Amino acid sequence: MPDKMVGNYPSDRGDNVACSAAICMDNKEHASCVIYNMGLSEKYTDALINWIEKYLDIRNLERIVWGETAASEDPYRNVQIAAESDLEFTVLFASKKDRSNSSVFFLEGNLLLLFNITLQCLKESCVSYAL
């Protein structure tokens with residue numbers, strides 16, 4: 001029996017890998033839905049969706065981390081820095097109206113939170129594979 005629920009998913013260790021992947025995919029879908037409904041400019045929306053596809057898709061993120069593994073002692077930290085930089089870069093595509101929208105600041109913070117959750121899910125699943 002699961003110790004607690006995370007969203008609609010049990011969080012006991014036995015189902016952790018499957019639940020982590022499902023939660024991460026839900027995060028990606030949720031972020032995309034929010035962005036599409038915010039009424040942002042097309043270029044900024046596209047830049048944010050590209051960021052989501054790269055950093056909130058667990059499969060893409062896993063490829064990125066594995067690519068960093070050969071070049072770095074701490075691939076997770078390198079990917080985290082790259083994700084933060086890339087998200088900051090997306091603002092270059094924002095219109096003046098987008099930049100004046102206070103919801104964008106909350107959106108960016110939430111995207112980073114979702115990224116950190118996704119990265120943590122990936123770390124936990126990699127530890128499970130190693131065991």
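As a starting point, this report considers the structure included with it. As the structure is a computational prediction, the values presented were derived from the model and not from experiment.

**Some points on the overall build of the chain**
And then number 1: For the chain, the helix and strand inventory stands at six helices and two strands.
And then number 2: Across the chain, helices and strands are ordered from the amino to the carboxyl terminus as β-β-α-α-α-α-α-α.
And then number 3: Here the chain holds 131 residues, and 37% of them are scored as buried.
And then number 4: Pairs at least 24 apart in sequence give 68% of the contacts found in the chain among residues at least 6 apart.
And then number 5: For the chain, the accessible area works out to roughly 8100 Å², and carbon and sulfur atoms hold 55% of it.

**Here we look at the packing of aromatic side chains**
What characterises a pair of aromatic rings is the spacing of the ring centres plus the angle enclosed by the ring planes.
And then number 1: Scanning the model with the defined rule gives four aromatic pairs in all.
And then number 2: Ring centres of Phe-89 and Phe-93 lie 5.8 Å apart, and the angle between their planes is 80 degrees; this geometry places the pair in the edge-to-face category.
And then number 3: Among the residues examined, Phe-89 registers a relative accessible area of 48% and is labelled partly exposed.
And then number 4: Given a relative accessible area of 38%, Phe-93 falls into the partly exposed group.

**Thoughts on the nonpolar core**
And then number 1: One finds Leu-48, Trp-51, Ile-52, Leu-56, Leu-111 and Phe-115 to be the most contacted residues of the largest nonpolar core, which totals 26 residues.
And then number 2: The element best represented in this core is helix H6 (residues 103–130), accounting for eight residues.

**Points about the pattern of salt bridges**
And then number 1: Tallied over the entire structure, the rule returns three salt bridges.
And then number 2: Of the charged contacts, one joins Glu-53 and Lys-28 as a salt bridge, the two residues approaching to 3.2 Å between their closest N and O atoms. Here Glu-53, found in helix H2 (residues 42–55), pairs with Lys-28, found in helix H1 (residues 16–36); they are 25 residues apart in sequence, far enough to count as distant.
And then number 3: Lys-28 gets classed as buried once you look at its relative accessible area, which sits at 11%.

**Brief notes about the side chain of Thr-45**
And then number 1: Looking at where Thr-45 falls in the secondary structure, it is placed in helix H2.
And then number 2: For Thr-45, a relative accessible area of 8% corresponds to the buried category.
And then number 3: At a separation of 2.9 Å, a polar atom in the side chain of Thr-45 contacts the main-chain carbonyl oxygen of Ser-41.

**Structural notes on the packing of H2 against helix H4 (residues 75–90)**
And then number 1: Where H2 meets H4, the closest approach of the two axes is 9 Å, and the angle between their N-to-C directions is 170 degrees. By the criterion of interaxial angle, the relationship of H2 to H4 is roughly antiparallel. Residues Tyr-44, Ala-47, Leu-48, Trp-51, Lys-54 and Tyr-55 of H2 lie in contact with H4, whose contacting residues are Val-79, Ala-82, Ala-83, Asp-86, Leu-87 and Thr-90.
And then number 2: The class makeup of the residues in the contact of H2 with H4 is nine nonpolar, one polar and two charged.

Calculation criteria
- Residues numbered from 1 in each chain as written.
- Predicted model: local features only at pLDDT ≥ 70, side-chain atom pairs only at ≥ 80, totals over all residues.
- Heavy atoms only, no water.
- Helix = DSSP H or I, 4+ residues; strand = E, 2+ residues; numbered from the N terminus.
- Buried < 20%, exposed > 50% of the residue type's maximum accessible area, 1.4 Å probe, protein only.
- Contact = heavy atoms within 4.5 Å.
- Areas by Shrake-Rupley, 256 points an atom, 1.4 Å probe, with all protein chains shown as cover.
- Phe/Tyr/Trp six-rings, centres within 6.5 Å; stacked < 30°, edge-to-face > 60°.
- Core = buried A, V, L, I, M, F, W, Y, C linked by side-chain atoms within 4.5 Å.
- Salt bridge = Lys/Arg side-chain N within 4 Å of Asp/Glu carboxyl O.
- Polar contact = N/O pair within 3.5 Å; in protein donor to acceptor, adjacent residues only side chain to side chain.
- Axes fitted to C-alpha atoms, helices over the stretch in contact; angles between N-to-C directions.
- Parallel < 35°, antiparallel > 145°, perpendicular 65-115°, else oblique.
- Nonpolar A, V, L, I, M, F, W, Y, C, P; charged D, E, K, R; others polar.

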